[in-house]
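Here is what each chain is made of, one letter per residue.
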Amino acid sequence: MFGAWLGGLLVDRLGRCRVFMADMLFFVVSALGCALAPNMEVLVFFRFLMGFGVGMDIPVAMAFLAEFSRLKGKGSKGSRTVAWSPAW
């Protein structure tokens, strides 16, 4: 929830590409941290960090989907973008 909130703010201010790259950095760092965690506390911390990155990915993905969705046919861009949510 906090990652999505912060990701949405950053997408508006910095742009999708920069936030997407930061999001990928969260994924890589947290995955390496989880793999090398020496104890449960460190593993929980890096899993939380990974969840933060997943939350940041949602606004970026929704912005990309809204931009590249088709304009023809039934429904609006918003409805087509929301239709992707069950896929995740």
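Residues numbered from 1 in each chain as written. Predicted model: local features only at pLDDT ≥ 70, side-chain atom pairs only at ≥ 80, totals over all residues. Heavy atoms only, no water.

Colleague: Describe the overall build of the chain, with residues and values.
Modeller: In terms of regular secondary structure, the chain is built from 4 helices and 0 strands. Traced from its N-terminal end to its C-terminal end, the chain shows the element sequence α-α-α-α. A total of 88 residues make up the chain; the buried ones form 24% of that total. Taking all contacts inside the chain whose residues are at least 6 apart in sequence as the whole, residues at least 24 apart take part in 52%. Of the accessible surface of the chain, which amounts to about 6300 Å², a share of 73% is contributed by carbon and sulfur atoms. (Helix = DSSP H or I, 4+ residues; strand = E, 2+ residues; numbered from the N terminus. Buried < 20%, exposed > 50% of the residue type's maximum accessible area, 1.4 Å probe, protein only. Contact = heavy atoms within 4.5 Å. Areas by Shrake-Rupley, 256 points an atom, 1.4 Å probe, with all protein chains shown as cover.)

Colleague: Residue-level account of the confidence of the model for the chain, with values.
Modeller: On average, residues of the chain score 78 in pLDDT, and 74% of them reach the 70 mark or higher. Element-level pLDDT for the chain is lowest in helix 4 (residues 77-83), with a mean of 62, against a maximum mean of 86 in helix 2 (residues 16-35). (pLDDT = per-residue confidence, 0-100.)

Colleague: Give a description of the packing of helix 1 (residues 2-14) against helix 2 that names residues and reports values.
Modeller: Two elements in contact, helix 1 and helix 2, have axes whose closest approach is 7 Å; the angle formed by their N-to-C orientations is 140 degrees. By the angle between their directions, the pair helix 1 and helix 2 is classed as oblique. Residue-level inspection shows Gly7, Leu10, Val11 and Leu14 of helix 1 in contact with helix 2, the latter providing Arg16, Arg18 and Val19. Partitioning the contact of helix 1 with helix 2 into residue classes produces 4 nonpolar, 1 polar and 2 charged. (Axes fitted to C-alpha atoms, helices over the stretch in contact; angles between N-to-C directions. Parallel < 35°, antiparallel > 145°, perpendicular 65-115°, else oblique. Nonpolar A, V, L, I, M, F, W, Y, C, P; charged D, E, K, R; others polar.)

Colleague: Tell me what's going on with the nonpolar core, and back it up with residues and numbers.
Modeller: Considering soluble globular proteins, one finds that nonpolar side chains tend to be buried as a cluster. In terms of nonpolar packing, the biggest core is built from 5 residues, these being Val11, Val19, Phe52, Met56 and Val60. The leading source of residues in this core is helix 3 (residues 40-68), at 3 residues. Those residues within four positions of Met56 in sequence are excluded, and the remaining contacts are Gly3, Ala4, Gly7, Leu10, Val19, Ala22, Asp23 and Phe26. (Core = buried A, V, L, I, M, F, W, Y, C linked by side-chain atoms within 4.5 Å.)

Colleague: Now, about the environment of Gly7: what can you tell me, with residues and values included?
Modeller: Assignment of secondary structure puts Gly7 in helix 1. Judged by its relative accessible area of 0%, Gly7 is buried. In sequence terms Gly7 and Phe52 are 45 residues apart; their C-alpha atoms lie 9.2 Å from each other. Apart from the residues within four sequence positions on either side, Gly7 is in contact with Val19, Met56 and Pro59.

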